[in-house]
Structure formats: structure tokens, C-alpha cells
Amino acid sequence: MLKLATLTFNPFGENTYVLFDETKQCVLVDVGCSTEQERQTLAAFIEKNDLRPMMAINTHGHVDHICGVEFAKRQWGIPFALHRNDRPLLEMAHCYADMGFDVDPIPTVDVDLAETETIPVGNSTLRILQTPGHSPGHVAIHVPDAELLLTGDLLFKESIGRTDLPGGSYPTLMESIISQVMPLGGDTRIFPGHGPGSTVAHEVMFNPFIVEALRGDVNYKSDRTTHEN
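1. Thoughts on the nonpolar core
Counting residues in hydrophobic clusters, the biggest one holds 28 residues, and the most contacted among them are Val18, Leu28, Leu42, Phe45, Ile46 and Phe80. If you list the elements that add at least two residues to this core, you get strand 1 (3-9), strand 2 (14-20), strand 3 (25-29), helix 1 (36-48), helix 2 (63-66), helix 3 (69-76) and strand 5 (80-82). If one sorts the elements of this core by residue count, helix 1 sits on top with four residues. Among residues more than four places away in sequence, those in contact with leucine 28 are Tyr17, Val18, Ile46, Pro53, Met55, Ala56, Ile57, Ala72, Trp76 and Ile78. Membership of the second largest hydrophobic core comes to 20 residues, among which are Tyr17, Val27, Leu126 and Ile128.

2. Some remarks on the sheet that holds strand 9 (residues 139-143)
Think of a sheet as strands paired side by side through backbone hydrogen bonds, with each pair either parallel or antiparallel. Spatially, 7-8-9-10-13-14 is the arrangement adopted by the six strands of the open sheet, whose pairing is mixed. Edge positions in the sheet fall to strand 7 (118-121) and strand 14 (198-199), since each has one partner strand and no second. Here four bridges tie strand 8 (residues 124-130) to strand 9, and the two strands are oriented antiparallel to one another. Its bridge partner lying in strand 9, arginine 127 is registered against histidine 142.

3. Describing the confidence of the model for the chain
Confidence along the chain averages 92 in pLDDT terms, with 93% of residues attaining 70 or more. Note that pLDDT drops below 50 for residues 223-229; the model gives that stretch 18 contacts with residues more than four away or on any other chain.

4. Observations concerning the sheet that holds strand 2
What the six strands build is an open sheet, ordered 1-2-3-4-5-6; its pairing is mixed. Two strands close off the open sheet at either side, each with one partner strand: strand 1 and strand 6 (111-112). As paired elements, strand 2 and strand 3 share four bridges and run antiparallel to each other. Bridging across to strand 3, leucine 19 finds its partner in valine 27. Here helix 1 sits on the sheet in contact with strand 1, strand 2, strand 3 and strand 4 (52-57), set at roughly 165° to strand 1.

5. Concerning the packing of helix 1 against helix 3
The interhelical angle for the contact between helix 1 and helix 3, taken along N-to-C directions, is 40°, at an axis separation of 11 Å. By the angle between their axes, helix 1 is oblique relative to helix 3. Where helix 1 crosses over helix 3, the handedness of that crossing is right-handed. Contact residues: helix 1 offers Arg39, Leu42, Ala43 and Ile46, while helix 3 offers Phe71, Gln75 and Trp76. A class-by-class count of the residues in the contact of helix 1 with helix 3 yields five nonpolar, one polar and one charged.

6. Topic: the pairing of strand 1
Here strand 1 runs beside strand 2; their pairing, made up of seven bridges, is antiparallel. Residue pairing across strands places threonine 6 opposite tyrosine 17, the latter belonging to strand 2. Counting the residues that bridge the hairpin from strand 1 to strand 2 gives four residues, and of these asparagine 10 lies at a positive phi of roughly 60°.

7. Some points on the packing of aromatic side chains
Tallying each qualifying case throughout the model produces three aromatic pairs. Ring centres of phenylalanine 20 and phenylalanine 45 lie 6.2 Å apart, and the angle between their planes is 70°; this geometry places the pair in the edge-to-face category. Residue phenylalanine 20 is located in strand 2, and its partner phenylalanine 45 is located in helix 1; the two are separated by 25 residues in the primary sequence. For the ring pair phenylalanine 71 and tryptophan 76, a centre distance of 5.7 Å and an interplane angle of 75° mean the geometry is edge-to-face. Phenylalanine 71 sits in the buried class, given a relative accessible area of 8%.

Calculation notes
- Residues numbered from 1 in each chain as written.
- Predicted model: local features only at pLDDT ≥ 70, side-chain atom pairs only at ≥ 80, totals over all residues.
- Heavy atoms only, no water.
- Core = buried A, V, L, I, M, F, W, Y, C linked by side-chain atoms within 4.5 Å.
- Buried < 20%, exposed > 50% of the residue type's maximum accessible area, 1.4 Å probe, protein only.
- Helix = DSSP H or I, 4+ residues; strand = E, 2+ residues; numbered from the N terminus.
- Contact = heavy atoms within 4.5 Å.
- Pairing = 2+ DSSP bridges.
- pLDDT = per-residue confidence, 0-100.
- Axes fitted to C-alpha atoms, helices over the stretch in contact; angles between N-to-C directions.
- Parallel < 35°, antiparallel > 145°, perpendicular 65-115°, else oblique.
- Left-handed = near helix turned anticlockwise from the far one by under 90°.
- Nonpolar A, V, L, I, M, F, W, Y, C, P; charged D, E, K, R; others polar.
- Phe/Tyr/Trp six-rings, centres within 6.5 Å; stacked < 30°, edge-to-face > 60°.

Set out below in C-alpha cells:
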């Protein structure tokens, strides 16, 4: 059975996830450790649980989610997976040095999530859902047999990701939520890039952005095609 561990790092309180099972294989999602102490915290968790990292996967390329990726690549010799539409965000990471993010060197991307539908980890399979809106190449990671979804900065408990950053789009984000997240069913557990978890059922009831969209109180028209190339 797939297990999930949450380690919260960096000044933005970013949730780094470790997915693993009885085979001891694991994947690291949104590695955001930004200091030596945080990097050692991640390494200690991996060592304590005798895990074998297989890949670092990112939901998107914002600096608070990628600042520990180069460490993970060097520490465990693993590939890095990111959607190609978020590579420009990755390359901007050095611009945030004055905010405490020392991303040098910027990690190279080995796997393009635009062309990846599934990723195996142990006895489970991760599904890569295309969920642009917060960023052009944002993805969510669905684990059907565990009924869990890593939403990155697409969807939070009773809120949504911001869309005022470069490449963001409110209509595209809302379409991603309605078309990709809602069909997964109410029991699906949501684990976001920041803050506490939730469920799809809870968000349908209490997330004001989803409620108004489902009621038809707001009109959103997809501009997703502008982000797919």
C-alpha cells in the first residue's frame, strides 16, 4: 500500500511529499528544502525509512517547489521530471536569491511531463494530470489505488492557487479543477503544495471558487489551448 509523508520546508511553508511503499522505492514530489538543515532533514527521513528514491517530480516550476531538486539529483542520482511549459519558470529561479532561495545550479530536466501519462513507484502507478492555470505547465499527481491527489498550487483547502503570476490564468485553472479534479470522486484526498489537506467532497461543499463555478455564478472560458504547444 502506498504511503505518503509530508515535510514542510522553506520560508513559503511548501509541502514536499515522499511517496513510498513496502518495496522501499519512493518518489520525491516538489522538493523544496532550501537550507542545509532542511536538506539533511529530507536525507534523514529517506535513510531512517531505508527508502530508494527513483525520481524527483514537480507539479510546477516555481522557486519554492524546486529549490531542493538539485540536491536530490546529486544525493540519490535520480532524474527530474517537469512539464516543458514550466521550464521558463525554472530558469528564473536565480531571480529569487534575495528572498533566501539559493538555486545554483538550476537543475536540468530529464523527463518531460507533457509526454508522460504514468510513472511507476513500487507496486503503484502515479497518473500525471495536465492541470495548467497556476502556471502554464502545472500538473497534478493522482494515485488511484490510494485515492489521493497531489494538487501542487492548483487547489488548496477552501481556496485555489493564485493566477496573477507570469503564465497564470484563472479560466484555465478553474477548468483544470472542474474537468480533472472533480471527476475523481468525493473520497479522493487532496494534498496541496501549501497548507492542510482536504477531500474533493469538502471542496465541492466549502470551496467558494468551486461552489460559484458549479452554480454557474461565474463564467469561465477555457484558454487552455494557449498553454499547449
